[in-house]
Amino acid sequence: MPGRPHLSSEGRRVRILAGATGVVLFAACGASPVSISAPAPRDGQRVQCRHLLDALPSTVDEQHRRDISPSTAPAAAWGEPAIVLRCGVPRPGGLTAQSACYGVNGVGWYASQRTDGIVFTTVGRAVYVEVTVPHSYNPEADVLTDLSSAVKSSTRELRPCV
């Protein structure tokens, strides 16, 4: 075409990638906050939850952190569908002395199945931390690898997972 610069196939590829990147960035910026059922940690747990939120990684299982609503909740979310962490939740109803405890990087976790995913809850810590992982992340426990070091450094252990 006259008046239009000739682009090599490499140049066209760069333009296509640049356009696709813009679409991805636009989609990420337009994502609505994840609605969270805000837990109510007890007084002694609030400080640990604050420390945990400060220590959390920006990505979990290669998923980027998302805004949450309410923004003041002791919680965080990553990806779509959202992986959700809540700090200061009540003890899970199904957790007993006989429940299986899975150790991941020095943190004990209790797992309970739901129809849409798995809920992991810390065991043996001064505050219960819950992580809900949709089934689309497989294996779901991989998420705990990215979160356990923040949980370990921010929450007090009462007894180890045995």
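Reading the values: the criteria
Residues numbered from 1 in each chain as written. Predicted model: local features only at pLDDT ≥ 70, side-chain atom pairs only at ≥ 80, totals over all residues. Heavy atoms only, no water. Pairing = 2+ DSSP bridges. Helix = DSSP H or I, 4+ residues; strand = E, 2+ residues; numbered from the N terminus. Contact = heavy atoms within 4.5 Å. Axes fitted to C-alpha atoms, helices over the stretch in contact; angles between N-to-C directions. Core = buried A, V, L, I, M, F, W, Y, C linked by side-chain atoms within 4.5 Å. Buried < 20%, exposed > 50% of the residue type's maximum accessible area, 1.4 Å probe, protein only. Left-handed = near helix turned anticlockwise from the far one by under 90°. pLDDT = per-residue confidence, 0-100. 1 Å grid on protein atoms, 1.4 Å probe; cavity = no way out; pocket = protein on both sides within 12 Å on 5 of 7 lines; lining within 4 Å. Points joined across faces, edges and corners; volume = space filled by probe spheres on them. Nonpolar A, V, L, I, M, F, W, Y, C, P; charged D, E, K, R; others polar. Salt bridge = Lys/Arg side-chain N within 4 Å of Asp/Glu carboxyl O.

> Even after reading the chapter, I still don't get the sheet that holds strand 6 (residues 83-87), so can you show me in this structure?
In a beta sheet, neighbouring strands pair by backbone hydrogen bonds and run either parallel or antiparallel. Taking strand neighbours across the sheet as the criterion, the eight strands line up as 2-3-5-6-10-9-8-7 in an open arrangement whose pairing is antiparallel. The open sheet has two free edges, formed respectively by strand 2 (59-60) and strand 7 (102-104), since each of these has just one partner strand. Running at roughly 150 degrees to strand 6, helix 2 (residues 43-55) makes contact with strand 3 (63-66), strand 5 (75-78), strand 6 and strand 10 (129-134) of the sheet. With respect to the sheet, helix 3 (residues 142-154) is in contact with strand 2, strand 5, strand 6, strand 7, strand 8 (107-114), strand 9 (117-123) and strand 10, its orientation differing from that of strand 8 by roughly 135 degrees.

> Looking at this structure, I do not really get the nonpolar core. What am I missing?
Most often, soluble globular proteins keep nonpolar side chains buried together rather than apart. By size, the foremost hydrophobic cluster in this structure holds 25 residues, and its most contacted members are Leu56 and Val131. Those elements that provide at least two residues to this core are helix 2, strand 5, strand 6, strand 8, strand 9, strand 10 and helix 3. Of the residues forming this core, the biggest block, five residues, is contributed by helix 3. Aside from chain neighbours lying at most four places away, what touches Val131 is Ile83, Val84, Leu85, Trp109, Ile118, Val119, Phe120, Val143, Leu144 and Leu147.

> I'm lost on the packing of helix 2 against helix 3 in this one. Help?
Helix-helix packing: each pair is described by the crossing angle between the helix axes and the interaxial distance. At a closest axis distance of 9 Å, the pairing of helix 2 and helix 3 adopts a crossing angle of 145 degrees. Taken as a pair, helix 2 and helix 3 cross one another with a handedness that is right-handed. Residue-level inspection shows Gln48, His51, Leu52 and Ala55 of helix 2 in contact with helix 3, the latter providing Ala150, Val151, Ser153 and Ser154.

> Sorry if this is basic, but what is going on with the confidence of the model for the protein chain here?
Of all residues in the protein chain, 81% attain a pLDDT of 70 or more, and the chain-wide mean is 85. This model gives residues 4-28 a pLDDT under 50, and the stretch forms two contacts once residues within four places in sequence are excluded.

> Explanation requested: the pairing of strand 5 in the structure shown.
Looking along a regular strand, one sees the side chains alternate between the two faces of the sheet. Alternating positions in strand 5 separate into two faces, Ala75 and Ala77 on one and Ala76 and Trp78 on the other, with burial throughout. Bridge count for strand 5 against strand 6 is four bridges, and the pairing is antiparallel. By the bridge assignment for strand 6, Trp78 is matched with Ile83. What sits between the antiparallel neighbours strand 5 and strand 6 is a turn of four residues, in which Gly79 has the positive phi angle 75 degrees.

> Explain the layout of surface pockets to me, please; I cannot follow it from the model alone.
Any space left empty among the atoms is revealed by the rolling of a water-sized probe across them. Of the volumes computed, that of the second largest pocket is approximately 230 Å³. In this structure, the second largest pocket is lined by 14 residues; those nearest its centre are Leu95, Thr96, Ala97, Val123 and Arg159. Across the lining of the second largest pocket, the residue classes tally to nine nonpolar, three polar and two charged.

> Any chance you could explain the pattern of salt bridges here in plain terms?
Once their charged atoms are close, side chains differing in charge can pair, the charge on each being opposite to the other. Evaluated as defined, the whole model comprises four salt bridges. Arg86 serves as the salt-bridge partner of Glu130, at 2.9 Å between the closest nitrogen and oxygen. You can see Glu130 sitting in strand 10 and its partner Arg86 sitting in strand 6, a full 44 residues away along the chain. For Arg86, a relative accessible area of 15% corresponds to the buried category. With its nearest N and O atoms 3.2 Å apart, the salt bridge here joins Arg114 to Asp116. By relative accessible area, Asp116 is classed as partly exposed at 44%.

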